[in-house]
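Structural overview for review
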Amino acid sequence: MRIPRHPAGPVAAGLVLVLAALTGCTGAPQDGSGPPVTGRITATPPEADAPLTVTGWTVTALAGAPVPAAAAGRARFTLAPDGTAGGSLGCNRFSAPAAVEGATVTFGPVTSTRMACEGPAGEVERTMTRLLGAGPLTWKSRGAPSPSPPPTGRA
């Protein structure tokens, strides 16, 4: 099956989805184990005016650093209107329940395939897994043109 690719134009290149853990970009893993998770996921849509759901987002940066070139384009996800998320963590495919409420997204337990992932793709996968499990994440769209102010006066 062929997946159509949309070239990124000047506006699309600047439009990103940023998912950051609440409370100062930190959180704890959902199972309570391990150190707090710090960071954010930056992802770009295929089109400038893409909606949050039903759009294939490609992860371009994690924890403020660009995804390594050897793993570029491998981590992707889609948020579905039915409350699920799915895609690739960088190496393995994943699915998870996902609830979008206002400016937050909460991912439930992540289920993934179990291939051994080493190198840059494995690093991206481990970081993505920790961030998705860190608890509620905030999201915002950056780089989109500001909407025009509403007209004033009488008609």
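Keep in mind that what you see is a predicted model, and the values were worked out from it rather than measured. (Residues numbered from 1 in each chain as written. Predicted model: local features only at pLDDT ≥ 70, side-chain atom pairs only at ≥ 80, totals over all residues. Heavy atoms only, no water.)

With that settled, consider the nonpolar core. Residues V59, F107 and M128 are the most contacted members of the largest nonpolar core, which totals 22 residues. Per-element tally for this core: the top contributor is helix α3 (residues 119-132), with four residues. Those residues in contact with V59, other than ones at most four positions away along the chain, are I41, T42, A43, V67, A75, F77 and M128. (Core = buried A, V, L, I, M, F, W, Y, C linked by side-chain atoms within 4.5 Å. Buried < 20%, exposed > 50% of the residue type's maximum accessible area, 1.4 Å probe, protein only. Helix = DSSP H or I, 4+ residues; strand = E, 2+ residues; numbered from the N terminus. Contact = heavy atoms within 4.5 Å.)

For the coordinates displayed, the defined rule picks out one disulfide. In this model C91 forms its disulfide with C117; the gap between the sulfur atoms is 2.2 Å. Of note, the bridge from C91 to C117 carries an S-S torsion of about -85 degrees and is left-handed in sense. Taken as a pair, C91 in the loop between β8 (84-89) and β9 (93-101) and C117 in the loop between β11 (111-112) and α3 lie far apart in primary sequence, 26 residues in all. Like C91, the residue C117 is buried in the burial classification. (Disulfide = S-S within 2.5 Å.)

What follows covers the pairing of strand β4 (residues 40-44). Summarising burial for β4: four of the five residues are buried, a large majority. Bridging between β4 and strand β5 (residues 56-62) involves four bridges; their strand directions are antiparallel. Bridge assignment links T42 to a residue of β5, and that residue is A61. (Pairing = 2+ DSSP bridges.)

Within the secondary structure, P46 sits in the loop between β4 and β5. Exposure remark for P46: the relative accessible area of 30% places this residue in the partly exposed category. Separated by eleven residues in sequence, P46 and W57 have C-alpha atoms that sit 7.3 Å apart.

Here E125 shows up in helix α3. Put simply, E125 is tucked away with no salt bridge, and the nearest opposite charge, on R126, sits 7.5 Å away. Among the polar contacts listed, one links the side chain of E125 to the backbone nitrogen of C91, at a separation of 3.0 Å. When sequence neighbours within four positions are dropped, the list of residues in contact with E125 reads L89, G90, C91, N92 and C117. (Lys, Arg positive; Asp, Glu negative; His and termini not counted. Salt bridge = Lys/Arg side-chain N within 4 Å of Asp/Glu carboxyl O. Polar contact = N/O pair within 3.5 Å; in protein donor to acceptor, adjacent residues only side chain to side chain.)

Note that all results are geometric; they support no functional claim without further evidence.
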